[in-house]
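Summary of structural features
These are the residues of each chain, in order.
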Amino acid sequence: MASKRARIVVSEEDELKAPPTFVNADAKEDFDKYWKKKRVTVERQWKLDDFQGITVGKFDALNWKPRIVELGWKKLVEFSGPCHQNLVREFFANISESSLEGNGRMVSIVRGKEVVLTYGKIRSFFSLPPSPPGSWFSYEDESEDWDVIMEKLFVLGTVWQNRNVRKGLLKWDYVPLHESSCYNLFPQGRSAGVGKDRAQFLYAIIVGRRIDMPRFIFCHIHNCHLKSGDSQTSIPYGAFLTEMIRKAGVISTVDLETATNVLGPIDHICMGKSWAGRLRASVQRQPQEQEEDVEPGESSSVSQPSFQQIMDMIQGLRTDVDARLLGIEQRQKLMYSRQELMQTRQDEIYNMVQFLVSRHPDWPPQPPSSSSTHPLLLPPPPADD
């Protein structure tokens with residue numbers, strides 16, 4: 001049975017009967033004003049094996065398992081679990097600023113008990129490998145060549161619009177990676193677009209950079225804490241932080257049964273659903289004469305397209321769109337070259353006029369009066385004696 005469309009789960013009621021506790025009045029005010037209303041992003045399992053053997057054109061482009069295993073992120077992208085949303089909100093409201101001094105240690109209070117988060121705990125929970133020196137972890141690097149990133153991630157001709165790019169313009173082989181980044185790797189909030197920070201993160205993965213993921217997750221939680229007043233951001237890593245709260249003794253395993261239900265996985269069904277709806281009509285459409293050949297009492301069956309057939313048709317559409325965009329780009333370049341040529345000719349004519357004016361101060365002549373003879377006309381012939 002296909003999973004329901006994934007969403008960022010919101011719950012307005014408290015999962016536990018015990019009231020929340022706050023370290024001070026400011027934390028309570030922030031909770032009531034900001035954190036209580038924020039959405040919590042719950043992780044989704046990325047079924048890596050579900051995409052094996054599915055190709056785009058001639059390439060096995062959707063098989064991300066080798067790259068994910070190489071990075072050591074298999075447990076990270078396949079993780080999902082229940083989430084006590086208000087406990088996670090309380091965790092963010094009570095984070096101690098004094099613990100965030102660049103030492104990789106974050107301390108908060110949830111229902112009166114201390115919850116500590118460190119690089120080591122993140123690495124141990126997700127079985128992440130040690131990060132080599134110089135590993136990339138910041139998406140705030142402004143030295144990136146955005147033209148290169150745009151060309152790598154998006155279809156030909158894509159340009160930045162306001163703060164993000166519509167995610168429908170992503171190249172198809174990067175869609176599962178983008179979907180997992182929205183829930184497990186780099187959750188930011190509900191958005192229909194790809195911002196520059198997410199594009200930079202995806203680009204770092206695609207080009208093979210070594211990423212310090214424990215530090216990245218830690219810094220992302222810290223940044224979300226600092227942006228409590230930003231209504232566009234959500235609370236990330238809801239299921240992971242629920243596990244950290246459970247390990248701190250705030251709740252038991254039995255309490256997890258009352259938590260938010262786990263979201264459906266990221267598989268080829270949810271990836272192909274939106275495109276399948278658009279393409280199924282053309283695939284199922286058969287010639288009218290076949291319907292006429294059906295005898296009374298017999299049912300006509302229409303074969304359902306396989307996911308591989310849908311992927312091949314998508315690739316065909318992408319190829320056609322890329323070719324058309326390339327033709328448009330070439331026509332634009334030709335038009336620009338002609339405009340430059342016309343501008344050059346205009347400049348030459350202007351310089352020639354300036355030269356003539358400098359050599360002949362009386363040029364151009366004043367327009368003649370109505371009674372005088374036009375300078376370009378010959379004088380009238382003399383009268384006969």
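Residues numbered from 1 in each chain as written. Predicted model: local features only at pLDDT ≥ 70, side-chain atom pairs only at ≥ 80, totals over all residues. Heavy atoms only, no water.

Quick look at the confidence of the model for the chain
Going by this rule: Each residue carries a pLDDT score, the predictor's confidence in it, ranging from 0 to 100. In this text, helices come from DSSP runs of H or I with a minimum length of four residues, and strands from runs of E with a minimum of two, each type numbered from the N-terminal end. It only takes one pair of heavy atoms within 4.5 Å for two residues to be counted as in contact.
Per-residue confidence for the chain gives a mean pLDDT of 76; residues scoring 70 or more make up 69%. For the chain, per-element mean pLDDT is lowest for helix α12 (residues 288-292), which scores 43, and highest for helix α3 (residues 74-77), which scores 96. Under a pLDDT of 50 for its full length, residues 1-15 has, in the predicted model, 34 contacts with residues more than four places off or in other chains. A low-confidence stretch, residues 274-302 (pLDDT under 50), is modelled with 19 contacts involving residues beyond four sequence positions or located in other chains.

Some remarks on the packing of helix α7 (residues 175-185) against helix α8 (residues 196-206)
Under the convention used in this document: Axes here refer to lines fitted to C-alpha atoms; in helices the fit is confined to the stretch in contact. Angles between the N-to-C directions go from 0 to 180 degrees. Should an angle fall under 35 degrees it is taken as roughly parallel, and over 145 as roughly antiparallel, whereas 65 to 115 is taken as roughly perpendicular and any remaining angle as oblique. In this scheme the handedness of a crossing depends on how the near helix is turned from the far one: anticlockwise by less than a right angle means left-handed, clockwise means right-handed. Each residue receives one of three labels: charged for Asp, Glu, Lys and Arg, nonpolar for Ala, Val, Leu, Ile, Met, Phe, Trp, Tyr, Cys and Pro, and polar for the others, Gly being one of them.
Running from amino to carboxyl end, α7 crosses α8 at an angle of 115 degrees, the nearest separation of the two axes being 11 Å. With respect to each other, α7 and α8 are oriented roughly perpendicular. Between α7 and α8 lies a crossing of right-handed hand. Contact residues: Leu 177, His 178, Ser 181, Cys 182 and Leu 185 in α7; Arg 198, Phe 201, Leu 202, Ile 205 and Ile 206 in α8. Here the residues of the contact of α7 with α8 sort into seven nonpolar, two polar and one charged.

Topic: a nonpolar patch on the surface
Defined as follows: In this analysis, a patch consists of residues with relative accessible area above 30% that form no salt bridge, clustered at 9 Å for like charges and at 5 Å for the nonpolar side chains Val, Leu, Ile, Met, Phe, Trp and Tyr. All accessible areas in this document rest on Shrake-Rupley with a 1.4 Å probe, and a residue is counted as covered only by the protein chains that are shown. What makes a salt bridge here is a side-chain nitrogen of Lys or Arg within 4 Å of a carboxyl oxygen of Asp or Glu, nothing more.
Judged by side-chain polarity, Ile 349, Val 353 and Val 357 come together as a nonpolar surface patch covering roughly 220 Å² of accessible area. Following the sequence through the fold, Val 353 ends up in helix α13 (residues 307-359).

Side note on the side chain of Thr 158
What counts, and what does not: Here the term buried applies to any residue with accessible area under 20% of the maximum for its type, exposed to any over 50%, and partly exposed to those in between, with areas from a 1.4 Å probe on protein chains only. In protein, a polar contact requires one atom able to donate a hydrogen and another able to accept it; more generally it is a pair of N or O atoms within 3.5 Å, and residues adjacent in sequence count only if both atoms are side-chain atoms.
The topology assignment puts Thr 158 in the loop between α6 (146-153) and β3 (164-166). Taking the relative accessible area as the measure of exposure, Thr 158 reaches 14% and is therefore buried. Within the structure, Thr 158 has its side chain in polar contact with the backbone oxygen of Val 155 (distance 2.7 Å). In this structure, Thr 158 is in contact with Met 150, Val 165 and Leu 169, ignoring residues within four places of it in sequence.

As for α7
Helical geometry note: an α-helix holds 3.6 residues per turn, so side chains three or four residues apart project in the same direction. The buried count for α7 comes to 10 of 11 residues, which makes it a mostly enclosed element. Every buried residue belonging to α7 is among Val 175, Pro 176, Leu 177, His 178, Glu 179, Ser 180, Ser 181, Tyr 183, Asn 184 and Leu 185, and all of these are buried.

Some details on empty space enclosed by the protein
Heads up, the condition is: Think of a 1 Å grid over just the protein atoms. A cavity is a set of points where a 1.4 Å probe fits yet cannot get out, a pocket is an open set with protein on both sides within 12 Å along at least five of seven lines, and lining residues have an atom within 4 Å of a point. Grid points are joined across faces, edges and corners, and a volume is the space filled by probe spheres set on the points.
Throughout the structure, instances matching the rule amount to one cavity of 30 Å³ or more. Estimates place the volume of the largest cavity at around 70 Å³. Taken together, 13 residues make up the lining of the largest cavity; nearest its centre are Leu 71, Trp 73, Pro 129, Arg 210 and Ile 211. Its residues assigned to classes, the lining of the largest cavity comprises nine nonpolar, two polar and two charged.

What to know about helix α4 (residues 85-93)
With respect to burial, α4 is a largely interior element, nine of its nine residues being buried. Buried within α4 we find Gln 85, Asn 86, Leu 87, Val 88, Arg 89, Glu 90, Phe 91, Phe 92 and Ala 93. Of the surrounding secondary structure, the elements contacted by the buried residues of α4 are α1 (25-33), β1 (105-110), β2 (113-118), α9 (213-226) and α10 (238-247).

Here we look at the pattern of salt bridges
Taken as a whole and assessed by the stated rule, the structure comprises eight salt bridges. Between Asp 32 and Lys 28 there is a salt bridge whose closest N-O contact spans 3.0 Å. Of this pair, Asp 32 and Lys 28 both sit in helix α1, separated by four residues, roughly a single helical turn. For Glu 90, the salt bridge is made with Arg 111, and the minimal N-O distance between the two is 2.6 Å. On the criterion of sequence distance, the pair formed by Glu 90 in helix α4 and Arg 111 in the loop between β1 and β2 is long-range, its members being 21 residues apart.

Some details on unusual backbone geometry
Phi is positive for Arg 111, which is not a glycine, with a value near 50 degrees. Positioned with a positive phi, Tyr 237 is a non-glycine residue whose angle comes to about 55 degrees. Among the residues examined, Tyr 237 registers a relative accessible area of 1% and is labelled buried.

Let's talk about the packing of α4 against α10
The contact between α4 and α10 brings their axes to 9 Å, and the two run at 80 degrees. The angle between α4 and α10 falls in the class roughly perpendicular. Where α4 approaches α10, its residues Leu 87, Val 88, Phe 91 and Phe 92 are matched on the opposing element by Gly 238, Leu 241, Thr 242 and Ile 245. A class-by-class count of the residues in the contact of α4 with α10 yields six nonpolar, two polar and no charged.

Structural notes on the side chain of Asn 184
Note on placement: Asn 184 falls in helix α7. Taking the relative accessible area as the measure of exposure, Asn 184 reaches 2% and is therefore buried. Reaching out from Asn 184, the side chain makes a polar contact with the backbone oxygen of Val 77 at a distance of 3.5 Å. With sequence-adjacent residues up to four places away left out, Asn 184 is seen in contact with Glu 43, Arg 44, Leu 76, Val 77, Phe 79 and Tyr 237.

Comments concerning the packing of aromatic side chains
Formally: When the centres of two rings from Phe, Tyr and Trp lie within 6.5 Å, Trp using its six-membered ring, the rings pair. Their planes under 30 degrees apart give stacked, over 60 give edge-to-face, and anything left gives tilted. Put simply, a charge is over a ring when the Lys NZ or the Arg CZ is close to the ring centre, within 6 Å, and near the line of the ring normal, within 35 degrees.
Taken as a whole, this structure holds 13 aromatic pairs when the rule is applied. Taking 5.2 Å as the distance between ring centres and 35 degrees as the angle between the ring planes, the aromatic pair formed by Trp 35 and Phe 92 counts as tilted. Pair noted here: Trp 35 is in the loop between α1 and α2 (65-71) and Phe 92 is in helix α4, with a separation of 57 residues, a long-range link. Each member of the pair, Trp 35 as well as Phe 92, carries the same accessibility label: buried. Three or more aromatic residues link up through ring pairs in this structure, and these residues are Phe 79, Phe 125, Phe 126 and Phe 240. Sitting over the ring of Phe 125, Lys 75 keeps its end group 5.5 Å from the ring centre. One Lys or Arg, Lys 196, reaches over the ring of Trp 146 and ends 5.2 Å from the middle of that ring.

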